[in-house]
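Notes for the structure review
For reference, the chains in residue letters:
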Amino acid sequence: MDETTTARLRVAAVALAGVVAVTHLLHPSYGGPALLVYASAGYLGDPRPVAFLAGGFALVFAASMIVANVYRRGAYLLAAAVAGTFLVGFGVWHTLLDHGAFWPYLEPRGHPDTGVAAVVLDHLVSDWLTLLSKAAEAALLVVCVVLFRLEAPRGDGPNSGSP
């Protein structure tokens, strides 16, 4: 792939990381605003704000590394890991974890007669912000994996490991 296409993919990675970070950092129910509400009440009623903020700030850090041309392959791995965690976490939260029923302040809201795919799809189409976020996360994951592979060491140097 030529350098222009690779540069465009880097811009896409930074933009997608920004979209995913903003949707998580500023999410009105589970991002920073929610954590402020819980902090003012003196308890953590839901674990998602902490996870949303940690992942959002990790994506800001990864995007900054890409822009600054500092260990970009590590930034791609970080962004892909966060995006993958958000994607898998979404499905696990709404199915296996029964909407956080393990947490002391959350009530179970299971879907006993619905399959996993139907539950995830139902949650995706019921909220445009969730759908946008999951689409951006999936795209970020793909772009970062492609960039990670494109920028792999070529294997033609003295320490490449080739015989």
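In this text the structure is predicted, and so the values were computed from the model without any measurement.

**A few points about the environment of V19**
Tracing the chain through its elements places V19 in helix α1 (residues 3–25). The exposure class assigned to V19 is partly exposed, which follows from its relative accessible area of 34%. Along the backbone, V19 and V60 are 41 residues apart, and their C-alpha atoms lie at a distance of 10.0 Å.

**Concerning the nonpolar core**
In terms of nonpolar packing, the biggest core is built from 26 residues, with L59, L140 and C144 touching the most fellow members. Elements with a contribution of two residues or more to this core: α1, α3 (48–67), α4 (72–94) and α6 (128–150). Apart from residues lying up to four places away in sequence, L59 is in contact with A17, V20, A21, A79, V82, F86 and L140.

**Topic: the packing of α1 against α3**
Where α1 contacts α3, the two axes come as close as 8 Å, and the packing angle between them is 160°. Relative to α3, the element α1 is oriented roughly antiparallel. Of the two elements, α1 crosses α3, and the hand of that crossing is left-handed. Counting all contacts with α1, which are made through R10, A13, V14, A17, V20, A21, H24 and L25, the residues of α3 involved are F52, L53, G56, F57, L59, V60, A63, I66 and V67. Its residues assigned to classes, the contact of α1 with α3 shows 14 nonpolar, two polar and one charged.

About the thresholds
- Residues numbered from 1 in each chain as written.
- Predicted model: local features only at pLDDT ≥ 70, side-chain atom pairs only at ≥ 80, totals over all residues.
- Heavy atoms only, no water.
- Helix = DSSP H or I, 4+ residues; strand = E, 2+ residues; numbered from the N terminus.
- Buried < 20%, exposed > 50% of the residue type's maximum accessible area, 1.4 Å probe, protein only.
- Core = buried A, V, L, I, M, F, W, Y, C linked by side-chain atoms within 4.5 Å.
- Contact = heavy atoms within 4.5 Å.
- Axes fitted to C-alpha atoms, helices over the stretch in contact; angles between N-to-C directions.
- Parallel < 35°, antiparallel > 145°, perpendicular 65-115°, else oblique.
- Left-handed = near helix turned anticlockwise from the far one by under 90°.
- Nonpolar A, V, L, I, M, F, W, Y, C, P; charged D, E, K, R; others polar.

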